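# Understanding the architecture of this molecule
Each chain, letter by letter, is given below.
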Amino acid sequence: MIENMNNIIDLRSDTVTKPSQDMRLAIQTADVGDDHSGEDPSVNRLESVAAEFTGKEAALYVPSGTMSNLVALLTHCQRGDEVITGSESHISNHEGMGAFVLGGFSVRTVTNDFRGRINPLDIREACRTEWPTTKVICLENTHNRCGGSAIPKSEIAEISALARERGIQLHIDGARIANAAVALETDVASLVDDADSVSFCFSKGLGAPVGSVLCGTQDFIKEARHNRRLVGGAMRQSGVIAEGAYYALTHNFDRLAEDHENAQLLRQRIEGLPGVTLDPAGCDTNLVFFELDSQFSGDVFRSRLSERGVRCSGTSKQRVRMVCHLDVSKTDIERAAKFIGQVLHEMEDESS
Ligand SMILES: *Cc1c(COP(=O)(O)O)cnc(C)c1O
């Protein structure tokens with residue numbers, strides 16, 4: 001029978017994490033000022049550490065990853081210019097096409113394979129030199145919809161060489177770039193070395209309550225600061241949230257390997273259960289995806305799991321997504337795996 005649950009194991013996303021007591025304490029004592037005038041010491045410190053972390057000259061704290069990508073594109077392009085993104089990218093699937101709606105850019109997509117890779121030849125073919133002119137190529141690392149795959153530097157280098165040759169900017173949507181660096185056993189700065197701009201989220205695996213950062217050259221960030229204001233993202237005593245982001249960056253980076261191990265463990269436990277096909281992309285980082293056989297309803301699976309206190313999300317009717325993060329322990333994963341097995345066996349019995 002269903003066990004009595006008192007704590008929920010929330011695997012819907014790494015955005016569900018809540019600030020720890022220590023992080024709350026840091027937030028409580030944050031020194032603040034009016035960031036609009038560059039006077040918030042906590043924001044200034046965060047931006048300078050983030051710039052160092054990505055090896056870029058400067059950084060800009062923004063409320064969300066979506067705004068960070070939008071501000072990057074508004075800064076790289078003029079109305080009428082073209083942006084190239086992957087077909088499975090967050091930018092072209094989950095950001096309301098802000099580049100198009102708000103920026104007036106045309107967004108051209110090139111195919112992402114199952115690991116989020118893009119064939120450089122496809123990009124070469126997609127680049128246009130006039131009317132519209134391709135101004136920026138966007139890569140995503142880790143690739144969210146493609147299994148959380150970590151894209152190695154060698155693949156980025158090939159595309160950046162092509163971009164450079166044509167005077168096109170390279171932007172990396174690195175919402176989970178910290179996970180990529182940990183998985184690839186490198187540092188973030190060298191991983192994004194070839195990019196002109198990079199965005200990453202404090203509020204995902206790193207566990208901060210709010211915010212993302214956009215990094216690039218001094219000139220680029222100066223311009224981006226205007227564009228952040230344009231889209232309503234300039235804040236005041238934002239040190240209150242920046243301090244949580246600073247705490248996340250300085251305390252929660254090294255532990256990401258633990259989330260990756262938990263995700264591997266979860267994947268191993270799911271392997272061989274009835275009615276599931278694991279994602280061919282494998283499991284480089286903290287995301288676990290699998291496909292349910294067509295006779296198993298994704299909605300029923302999720303709701304039965306939820307009754308047992310395990311929550312997960314779906315990217316389509318049959319595709320299930322489970323995300324490991326700092327509020328999920330190895331014990332939680334073992335428990336979740338047990339319930340996943342129970343539900344799948346139950347559904348198998350009913351379908352036979
Ligand atoms: C989450 C995410 C974003 C957007 O971040 P928000 O803070 O939710 O707006 C952008 N890109 C990728 C790849 C993401 O996973």
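Check the entry above for the structure.
A brief report on the enclosed structure follows. In every chain, residue numbers begin from 1 and rise along the written sequence. Side-chain atom pairs in this predicted model are given and counted only at pLDDT of 80 or more, local residue features only at pLDDT of at least 70, and totals for whole chains, interfaces and linings cover all residues. The side-chain numbers reported here are obtained from all heavy atoms of the structure, hydrogens and water having been left aside.

### Details of the overall build of the chain
Secondary structure elements are defined from DSSP: runs of H or I of at least 4 residues count as helices, runs of E of at least 2 residues count as strands, and each element is numbered from the N terminus. Within the chain one finds 14 helices and 13 strands. Using C-alpha atoms as the atom set, the radius of gyration is obtained and then compared with a globule rule of 2.2 Å times the number of residues to the power 0.38. Relative to the compact-globule value of 20 Å for 352 residues, the chain shows a C-alpha radius of gyration of 21 Å, a close match. A simple rule labels every residue: compare its accessible area, found with a 1.4 Å probe on the protein chains alone, to the largest value its type can have, and call it buried under 20%, exposed over 50%, or partly exposed in between. Here the chain, with 352 residues, has 56% of them falling under the buried criterion. Residues count as neighbours in contact if any of their non-hydrogen atoms are within 4.5 Å of one another. Restricting the contact set of the chain to residue pairs at least 6 apart, pairs at least 24 apart contribute 75%. Note that accessible areas follow from Shrake-Rupley with a 1.4 Å probe, and for residues the cover is restricted to the protein chains shown. Just so you have it, the chain exposes about 15,100 Å², and 47% of that area is on carbon and sulfur atoms.

### So, the site of the ligand
Throughout, the term near means that a residue has one or more heavy atoms lying within 4 Å of the molecule or strand in question. Lining the immediate environment of the ligand, one finds 13 residues, of which Gly-65, Thr-66, Asn-144, Asp-173 and Lys-204 sit closest. Under the rule applied, a polar contact is a pair of N or O atoms within 3.5 Å (in protein, one hydrogen donor and one hydrogen acceptor; residues adjacent in sequence only if both atoms are side-chain atoms). Within the side chain of Asn-144, an N or O atom sits 2.9 Å from an oxygen atom of the ligand. For the ligand, a nitrogen atom lies 2.6 Å from a polar atom in the side chain of Asp-173.

### Side note on empty space enclosed by the protein
Gaps left between atoms are located by rolling a probe of water-molecule size over the structure's atoms. Grid spacing is 1 Å over the protein atoms alone, the probe is 1.4 Å, and a cavity is where that probe fits but cannot get out, while a pocket is an open set with protein on both sides within 12 Å along at least five of seven lines and lining residues have an atom within 4 Å of a point. Grid points are joined across faces, edges and corners, and a volume is the space filled by probe spheres set on the points. Following the criterion strictly, the structure yields one cavity of 30 Å³ or more and no others. Considering the residues around the largest cavity, the lining is formed by Ala-175, Arg-176, Ala-178, Asn-179, Phe-200, Cys-201, Lys-204, Gly-205 and Leu-206. Of all the secondary structure elements, the ones that give two or more residues to the lining of the largest cavity are helix H8 (177-183) and strand E7 (197-201). Looking at side-chain class alone, the lining of the largest cavity contains five nonpolar, two polar and two charged residues. Polarity classes work like this: nonpolar for Ala, Val, Leu, Ile, Met, Phe, Trp, Tyr, Cys and Pro, charged for Asp, Glu, Lys and Arg, and polar for all others, with Gly in that last group.

### Quick notes on helix H12 (residues 256-270)
How far a helix is expected to stretch is found by multiplying one less than its residue total by 1.5 Å. Taking 1.5 Å as the rise per residue, H12 with 15 residues should run 21 Å; its terminal C-alpha atoms sit 21 Å apart, in good agreement. Tucked inside the fold, the buried residues of H12 contact H8, strand E9 (276-278), strand E10 (287-292), strand E13 (319-323) and helix H14 (330-351). Of the residues flanking the end of H12, it is Gly-272, one or two places downstream, whose phi is positive at about 90°.

### Details of the pattern of salt bridges
Salt bridges are identified by distance alone: a Lys or Arg side-chain nitrogen within 4 Å of an Asp or Glu carboxyl oxygen. A full pass over the atoms with the stated rule returns 22 salt bridges. The residue Arg-255 makes a salt bridge to Glu-258 at a minimum N-O spacing of 4.0 Å. The buried category is assigned to Arg-255, whose relative accessible area is 17%. Taking the shortest distance from any N to any O, the salt bridge between Glu-334 and Arg-269 comes out at 2.8 Å. Pair noted here: Glu-334 is in helix H14 and Arg-269 is in helix H12, with a separation of 65 residues, a long-range link. We classify Glu-334 as partly exposed; its relative accessible area is 30%. Among the charged side chains, a network of salt bridges with common partners joins Arg-304, Arg-308, Glu-346 and Glu-350.

### A look at the nonpolar core
Residues belong to one nonpolar core when they are buried, are Ala, Val, Leu, Ile, Met, Phe, Trp, Tyr or Cys, and are joined through side-chain atoms within 4.5 Å. Residues Tyr-61, Ile-123, Ile-137, Ile-177, Phe-200, Phe-202 and Leu-206 are the most contacted members of the largest nonpolar core, which totals 51 residues. If you tally residues by element for this core, the top one is helix H11 (residues 239-251), at six residues. Core analysis: the next-biggest nonpolar cluster, separate from the first, contains 30 residues, Val-276, Leu-305, Ala-337 and Ile-340 among them.

### Details of the environment of Ala-150
Following the sequence through the fold, Ala-150 ends up in the loop between strand E5 (134-140) and helix H7 (153-165). With 33 residues separating them in the primary sequence, Ala-150 and Ala-183 have C-alpha atoms 6.8 Å apart. Setting aside chain neighbours within four positions, we find Ala-150 in contact with Arg-115, Asn-141, Thr-142, Ala-180, Ala-183, Leu-184, Asp-284 and Thr-285.

### Notes on the packing of aromatic side chains
Centres within 6.5 Å are what make two rings of Phe, Tyr or Trp a pair, Trp counting through its six-membered ring; a difference in plane orientation under 30 degrees is then read as stacked, over 60 as edge-to-face, and the rest as tilted. Tallied over the full model, the rule gives five aromatic pairs. Ring centres of Phe-53 and Phe-200 lie 5.4 Å apart, and the angle between their planes is 50°; on these two criteria the pair is classed as tilted. Taken together, the residues Phe-53 in helix H2 (residues 41-54) and Phe-200 in strand E7 connect sequence positions 147 residues apart. The exposure class assigned to Phe-200 is buried, which follows from its relative accessible area of 1%. Arranged with centres 6.0 Å apart and planes meeting at 55°, the rings of Tyr-61 and Phe-202 form a pair that is tilted. Taken together, the residues span a long stretch of sequence, with Tyr-61 in strand E2 (residues 58-62) and Phe-202 in the loop between E7 and strand E8 (212-216) at a distance of 141 residues. Like Phe-202, Tyr-61 is buried. Taken together, Phe-53, Tyr-61, Phe-200, Phe-202 and Phe-253 form an aromatic cluster joined through their ring pairs. Geometrically, a charge over a ring is one whose NZ (Lys) or CZ (Arg) sits within 6 Å of the ring centre while staying within 35 degrees of the ring normal. Above the ring of Tyr-246, the side-chain terminus of Arg-45 is found at 3.7 Å from the ring centroid.

By themselves these figures say nothing about function.
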